[in-house]
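# Structural description and commentary
Each chain, letter by letter, is given below.
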Amino acid sequence: MYCISDASCQSGSFASASAMHMYGKLCTLFLLLAWCNVAFTRQVVPNIQVCPDFAEFAFTYECQPTCAERICIITPTSVKRDACTCKLGYIREYKNGPCIRTSRCPL
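The text that follows walks through the structure, step by step, so that each part is easy to find. (Residues numbered from 1 in each chain as written. Predicted model: local features only at pLDDT ≥ 70, side-chain atom pairs only at ≥ 80, totals over all residues. Heavy atoms only, no water.)

## A few points about the pattern of salt bridges
Evaluated as defined, the whole model comprises one salt bridge. Residue arginine 81 pairs with glutamate 62 through a salt bridge whose shortest N-O separation is 3.6 Å. Separated by 19 residues along the polypeptide, arginine 81 in strand 2 (residues 80-86) and glutamate 62 in the loop between strand 1 (55-61) and strand 2 bring together distant segments of the chain. Its relative accessible area of 34% is what places arginine 81 among the partly exposed residues. (Salt bridge = Lys/Arg side-chain N within 4 Å of Asp/Glu carboxyl O. Helix = DSSP H or I, 4+ residues; strand = E, 2+ residues; numbered from the N terminus. Buried < 20%, exposed > 50% of the residue type's maximum accessible area, 1.4 Å probe, protein only.)

## What to know about the environment of phenylalanine 59
Within the element layout of this structure, phenylalanine 59 appears in strand 1. Phenylalanine 59 gets classed as exposed once you look at its relative accessible area, which sits at 53%. As a C-alpha pair, phenylalanine 59 and cysteine 84 span 25 residues in sequence and 8.6 Å in three-dimensional space. Non-local contacts of phenylalanine 59, meaning those with residues more than four positions away in its chain, are made with Lys80, Arg81 and Asp82. (Contact = heavy atoms within 4.5 Å.)

## Thoughts on the packing of aromatic side chains
In this structure the tally under the stated criterion is one aromatic pair. Pairing phenylalanine 54 with tyrosine 90 gives two aromatic rings, centres 4.6 Å apart and planes at 10 degrees, and the pair type is stacked. Placement of phenylalanine 54 in the loop between helix 2 (13-41) and strand 1 and of tyrosine 90 in strand 3 (residues 90-92) is noted, with a sequence separation of 36 residues between them. Judged by its relative accessible area of 41%, phenylalanine 54 is partly exposed. (Phe/Tyr/Trp six-rings, centres within 6.5 Å; stacked < 30°, edge-to-face > 60°.)

## Some details on the state of the cysteines
Tallying each qualifying case throughout the model produces four disulfides. Bridging cysteine 63 to cysteine 72, the disulfide has an S-S length of 2.0 Å. Taking the torsion about the sulfur-sulfur bond, which here is approximately -90 degrees, the covalent link between cysteine 63 and cysteine 72 counts as left-handed. Given the relative accessible area of 36%, cysteine 63 is considered partly exposed. Accessibility expressed as a relative area gives 19% for cysteine 72, which makes it buried. (Disulfide = S-S within 2.5 Å.)

## Brief notes about the environment of asparagine 96
Along the chain, asparagine 96 turns up in the loop between strand 3 and strand 4 (99-101). The exposure class of asparagine 96 is exposed, given its relative accessible area of 69%. In this structure, the C-alpha to C-alpha distance between asparagine 96 and cysteine 84, residues 12 residues apart in sequence, is 9.8 Å.

Written out as structure tokens, the structure reads:
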């Protein structure tokens, strides 16, 4: 009991102490709910890139070999970026085109 003496209980000290205890619980609950709202309503979606057939997502040079230009010249200033690149054994049919087997390129 929160009362110091019987007189303080009759004057409402117990009620105010009880109210303060309840207020503390409500504040704690409110803060918990506010934190949960912030923490769990943000949709954390991983950056998953879906690439076309025979390609994979990688941090690679912008220049990608094609049937017409089979060799890319890479220099220290060549730009790298996250992009879909052809898998091993495949090449772009044309610039920004689909990946095809290297053997399917015309000679």
